[in-house]
Amino acid sequence: AEARSMESLEKQLICPICLEMFSKPVVILPCQHNLCRKCANDVFQASNPLWQSRGSSAVPSGGRFRCPSCRHEVVLDRHGVYGLQRNLLVENIIDIYKQESARPLHAKAEQHLMCEEHEDERINIYCLRCEAPTCSLCKVFGAHKDCEVAPLPAVYQRQKSELSDGIAMLVAGNDRIQAIITQMEEICHTIEENGRRQKQHVGLRFDALYGILEERKKELLQSIAAEQEAKLQRVRGLIRQYGDHLEASSKLVESAIQAMEEPQMALYLQVLPGEQGEKGTRGITDMSKASMSSRPEPGYENMDHFSINVDYVAEMLRTIEFQTGA
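Residues numbered from 1 in each chain as written. Predicted model: local features only at pLDDT ≥ 70, side-chain atom pairs only at ≥ 80, totals over all residues. Heavy atoms only, no water.

The chain carries the name Tripartite motif-containing protein 54 in an unreviewed UniProt entry, which gives Panurus biarmicus as its organism. The UniProt entry for the chain carries this comment under Function (unreviewed entry): "May bind and stabilize microtubules during myotubes formation." Checking UniProt for the chain, the heading Catalytic activity (unreviewed entry) contains the comment "S-ubiquitinyl-[E2 ubiquitin-conjugating enzyme]-L-cysteine + [acceptor protein]-L-lysine = [E2 ubiquitin-conjugating enzyme]-L-cysteine + N(6)-ubiquitinyl-[acceptor protein]-L-lysine." (UniProt positions renumbered as here; feature names shortened; annotations may be inferred.)

Here it is as C-alpha cells:
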C-alpha cells in the first residue's frame, strides 16, 4: 500500500514535457498546471523564436505559448517564463518525496522485471538491433549473442531525452499551427467583408446604369409621344374640316332637293332667291368645286423613324468586366 501511494504521488510530480520529476524551480501556469522552468522556457522559446533572451541589451517583448496539459494559452510579459510564479508547495513535496525514496519508484519496479528466457536474470541491457530490452545471458548465450547491445539506463535516458525533445517540438508546432489557423480564420473574415463591400459597390454601379437607361428610355418615349400627339392633332383637325364641309354640303343638297320639288316657278324664284336662285346655284357650284386637297401625305402615319439600334450597346454591356488595374 505504501508503494502504491508513493507511485501515485510520483505520477503527480511528473513534468508533462520531460516526463521526469519536476526540477526546481517549478512554475505554475495561469491554468494551474505546473512545468519545470527549463521545460516551460523550452516550449516558450520554440513558440517564440524571435523573442529576445533575458540577457539581451534590447528590451524584450512578451510572447505566448499553450499549456501542454490543457492547451490553455499562456500570455507572458517581457520577463518571459521568469515572470511566472514559482510553485513552492510542489517543490516542498518533491523534497519530502526524495527524502522518503532515494530513487524514483519506477526504477524500483524495473528491478523486478525479469527475463522470460532466464527467470533468475534481471533485464539490464538493450539490444540495439532488435530494439528490445534483454538480459546478459541472452547476450552471451541466447538470441542476442550476435547483436550489439547497450546499457539499459543509457538507452533509457537517451530515448527519454529524445521523447522530451519531441514533445517540446510537437507542442511548439501545435502552437504555430494554431497561430496559422487563427491567421487563416482572420483571412476568411476579411475575404467575406471585402466580398460584401465589393458586391455592394458593383450593385451601386449597375443601379447607376439602370438609372441612365430609364432616363433615356423616358426621353425617347416622350419624343415618340410628342410626335404622335402632333400628328393626331393634325389629322383630327383635317377630319373636323372634312366633317364640317360634309355637313354643309349635305344640308345644301337637302335644301336643293326640297327646292327642286317646288312646282311653282314664281314661288321658287321669289321665296328663296338667296339660297335657291342664282346665288343658290352658285353656292352649290362653289361647294362642289371647293378644294379639299389638304390631306396627310403618303406615309404620314409611319413612326418607324423612331426605331433604335441597341445591339452595339448590348454588346458593350456584355463586355463589362472587373478592372485588373488600380
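K.L.:
Would you explain the nonpolar core in this entry?
P.N.:
A general trend in soluble globular proteins is that nonpolar side chains are found buried together. Ranked by size, the top nonpolar core spans 28 residues in total, and within it C15, I17, F22, L29, L35 and F65 carry the most contacts. Of all the elements in the fold, those that place two or more residues in this core are β1 (26-28), β2 (34-36), α2 (37-47), β4 (73-76), α3 (88-100) and α6 (152-260). Counting residues per element, this core draws most heavily on α2, at 4 residues. (Core = buried A, V, L, I, M, F, W, Y, C linked by side-chain atoms within 4.5 Å. Buried < 20%, exposed > 50% of the residue type's maximum accessible area, 1.4 Å probe, protein only. Helix = DSSP H or I, 4+ residues; strand = E, 2+ residues; numbered from the N terminus.)

K.L.:
When you look at the sheet that holds β2 in this model, what are you seeing that I'm missing?
P.N.:
In a beta sheet, neighbouring strands are held together by backbone hydrogen bonds and run either parallel or antiparallel to one another. Pairing is antiparallel in the open sheet, where 3 strands are placed in the order β2-β1-β5. In this open sheet, the two edge strands, each paired with only one partner strand, are β2 and β5 (85-86). Bridging between β1 and β5 involves 2 bridges; their strand directions are antiparallel. Residue I28 lies in a different strand from β5, and its bridge partner there is Q85. Sitting on the sheet, α2 is in contact with β1, β2 and β5, with an inclination near 90° to β2. (Pairing = 2+ DSSP bridges. Contact = heavy atoms within 4.5 Å. Axes fitted to C-alpha atoms, helices over the stretch in contact; angles between N-to-C directions.)

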